[in-house]
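# Coordinates in review
So you can see what is in the structure, the chains are spelled out below.
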Amino acid sequence: MGTRAGVFAGGSLSTTLPSRNVRVEIRSMRESPPVTSEPTQDAPTDDGVVMQIGEVAARTELSLRSLRHWEEVGLLRPSGRTDGGFRLYTEADVEKILVIRRMKPLGFTLDEMRAAMRDIEVLRDGDSVGPHAEARERLAALLTDAGQRREKLERQLAMADEFISQLGRELA
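Quick caveat, the model's predicted, so the values are computed rather than measured. (Residues numbered from 1 in each chain as written. Predicted model: local features only at pLDDT ≥ 70, side-chain atom pairs only at ≥ 80, totals over all residues. Heavy atoms only, no water.)

### A short note on the overall build of the protein chain
Quick reminder of the rule: Secondary structure follows DSSP: runs of H or I at least 4 residues long count as helices, runs of E at least 2 residues long count as strands, and numbering of each begins at the N terminus. Only protein chains enter the accessibility calculation, which uses a 1.4 Å probe; a residue whose area is less than 20% of its type maximum is buried, one above 50% is exposed, and one in between is partly exposed. Exposure was quantified through the Shrake-Rupley algorithm and a 1.4 Å probe, taking into account, for residues, occlusion by the shown protein chains and nothing else.
Counting its secondary structure elements, the protein chain contains 5 helices and 7 strands. Element order for the protein chain, N to C, with α for helix and β for strand: β-β-β-β-β-α-α-β-β-α-α-α. Out of the 172 residues belonging to the protein chain, those deemed buried represent 32%. Here the protein chain displays about 11,200 Å² of accessible surface, and carbon together with sulfur accounts for 52% of that area.

### Description of a nonpolar patch on the surface
Here is the rule: Patch rule: a residue counts if its relative accessible area is over 30% and it has no salt bridge; like charges are joined within 9 Å, and nonpolar side chains (Val, Leu, Ile, Met, Phe, Trp, Tyr) within 5 Å. For this analysis, a salt bridge means a side-chain nitrogen from Lys or Arg found within 4 Å of a carboxyl oxygen belonging to Asp or Glu.
A contiguous nonpolar patch, built from Phe-163, Ile-164 and Leu-167 and spanning about 300 Å² of accessible area, is present on the exposed surface. Under the relative-accessibility criterion, Ile-164 is labelled exposed at 55%.

### Remarks on the pattern of salt bridges
Counting across every chain of the model gives 9 salt bridges. Across the pair Arg-150 and Glu-154 runs a salt bridge whose closest N-O atoms are separated by 2.2 Å. One end of the pair is Arg-150 and the other is Glu-154, both in helix α5 (residues 130–171) and 4 residues apart, which spans about a single turn. One salt-bridge network, in which partners are shared between bridges, spans Glu-71, Arg-81 and Arg-87.

### With respect to the packing of helix α4 (residues 110–124) against α5
The line we're drawing: Axis lines are fitted to C-alpha atoms, over the contacting stretch for helices. Their N-to-C directions set the angle, which ranges from 0 to 180 degrees. Each angle receives one of four descriptions, namely roughly parallel if under 35 degrees, roughly antiparallel if over 145, roughly perpendicular if within 65 to 115, and oblique otherwise. Throughout, a crossing is termed right-handed when the near helix is turned clockwise from the far one, and left-handed when it is turned anticlockwise from it by less than a right angle. Only heavy atoms matter for contacts: two residues are in contact if any of them lie within 4.5 Å across the pair. Note that Gly is not counted as nonpolar here; it falls among the polar residues with everything else outside the nonpolar set of Ala, Val, Leu, Ile, Met, Phe, Trp, Tyr, Cys and Pro and the charged set of Asp, Glu, Lys and Arg.
Contact geometry for α4 and α5: axes closest at 9 Å, N-to-C directions at 135°. By the angle class used here, α4 and α5 are oblique. Pair α4 / α5 crosses with left-handed handedness. Here Glu-112, Ala-116, Asp-119, Ile-120, Val-122 and Leu-123 of α4 lie close against α5, whose contacting residues are Pro-131, His-132, Ala-135, Arg-136, Arg-138, Leu-139, Leu-142 and Arg-149. When its residues are assigned to classes, the contact of α4 with α5 shows 8 nonpolar, 1 polar and 5 charged.

### Quick word on unusual backbone geometry
Excluding glycine, a negative phi dihedral is what most residues carry, and trans is how most peptide bonds are arranged. One non-glycine residue, Glu-61, lies in positive phi territory at about 60°. Examined against the element boundaries, Glu-61 turns out to sit in the loop between α1 (53–60) and α2 (64–72). Note on Glu-61: relative accessible area 68%, which makes it exposed.

### Points about the packing of aromatic side chains
Short version of the rule: Geometry of aromatic contacts follows a simple scheme: Phe, Tyr and Trp rings, the Trp one being its six-membered ring, pair when their centres are within 6.5 Å, and the pair is stacked under 30 degrees between planes, edge-to-face over 60, tilted otherwise. Over a ring means this: the NZ of a Lys or the CZ of an Arg is within 6 Å of the ring centre and within 35 degrees of the ring normal.
Applying the stated rule across the entire model yields 0 aromatic pairs. The ring of Phe-108 has Arg-149 lying over it, and the distance from NZ or CZ to the ring centre is 3.9 Å.

### Quick word on the side chain of Asp-93
Heads up, the condition is: Think of it this way: Lys and Arg go in the positive column, Asp and Glu in the negative one, and His and the chain ends go nowhere. For the purposes of these results, a polar contact is taken to be a pair of N or O atoms within 3.5 Å, where, inside protein, one atom must be able to donate a hydrogen and its partner to accept one; residues adjacent in sequence count only when each atom of the pair is a side-chain atom.
Tracing the backbone shows Asp-93 in helix α3 (residues 91–103). At 4.4 Å, Lys-96 is the nearest oppositely charged side chain to Asp-93, a buried residue that forms no salt bridge. Side-chain polar atoms of Asp-93 contact the side chain of Ser-79, separated by 2.6 Å. Excluding its chain neighbours within four sequence positions, the residues that come into contact with Asp-93 are Arg-77, Pro-78, Ser-79 and Leu-88.

### Describing α4
Stated formally: Residue count minus one, scaled by 1.5 Å, sets the expected span of a helix.
For α4, spanning 15 residues, the distance from its first C-alpha to its last is 21 Å, which sits close to the expected 21 Å at 1.5 Å a residue. Residues of α4 that are buried include every one of Met-113, Arg-114, Ala-116, Met-117, Asp-119 and Ile-120, and no others. Lining the buried residues of α4 we find α3 and α5.

### Overview of the nonpolar core
Threshold: In plain words, nonpolar cores are sets of buried Ala, Val, Leu, Ile, Met, Phe, Trp, Tyr and Cys residues tied together by side-chain atoms within 4.5 Å.
One finds Val-56, Leu-67, Trp-70, Leu-76, Ile-97 and Ile-100 to be the most contacted residues of the largest nonpolar core, which totals 23 residues. The biggest single contributor to this core is α3, with 5 residues. Among residues more than four places away in sequence, those in contact with Val-56 are Met-51, Leu-67, Tyr-89, Val-94 and Ile-97.

### Details of the sheet that holds strand β7 (residues 87–89)
Rules: Pairing between strands is defined by DSSP: at least two bridges between them are needed.
On the basis of which strands lie adjacent, the open sheet formed by 3 strands has the order β5-β7-β6 and antiparallel pairing. Strands at the two margins of the open sheet, each flanked by one partner only, are β5 (51–52) and β6 (80–81). In this sheet, β7 lies alongside β6 in antiparallel orientation, the contact comprising 2 bridges. By the bridge assignment for β7, Arg-81 is matched with Arg-87.

In structure tokens, the structure reads:
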């Protein structure tokens, strides 16, 4: 079992991970070569890039606190963890996080988001025929609901624009 560690932009990689079956690649925002290491047995088993929570937070424009909270309430789960307990996320995890982030402004509850994520997973799983049709129906209803919520937000934005214009006229 080998380990590798290196330096990335802004600091050094202080955790070395024991090798298993998946490569962890840590990339900086600068043009330096990636630092690679091997993850724990809890890490994802695909050959994709694996990210820690800080990089995921930056990419999704969410706080670490939000990501941790969503995990606590069962809305999302990282694909793996290092021996030190650090969360590891894949590109597929980031896509799930972005779906949740897009639902938030529409005012969906955690339960509604959780149900939507389950139904999306069912649709992506080609093996489930019966649950597939039910998930499709629920997501179709959710699509209608999301459209209505968006229209409500548009009306609210129009009112906000009217208010801003009125204030501008008052101050002119």
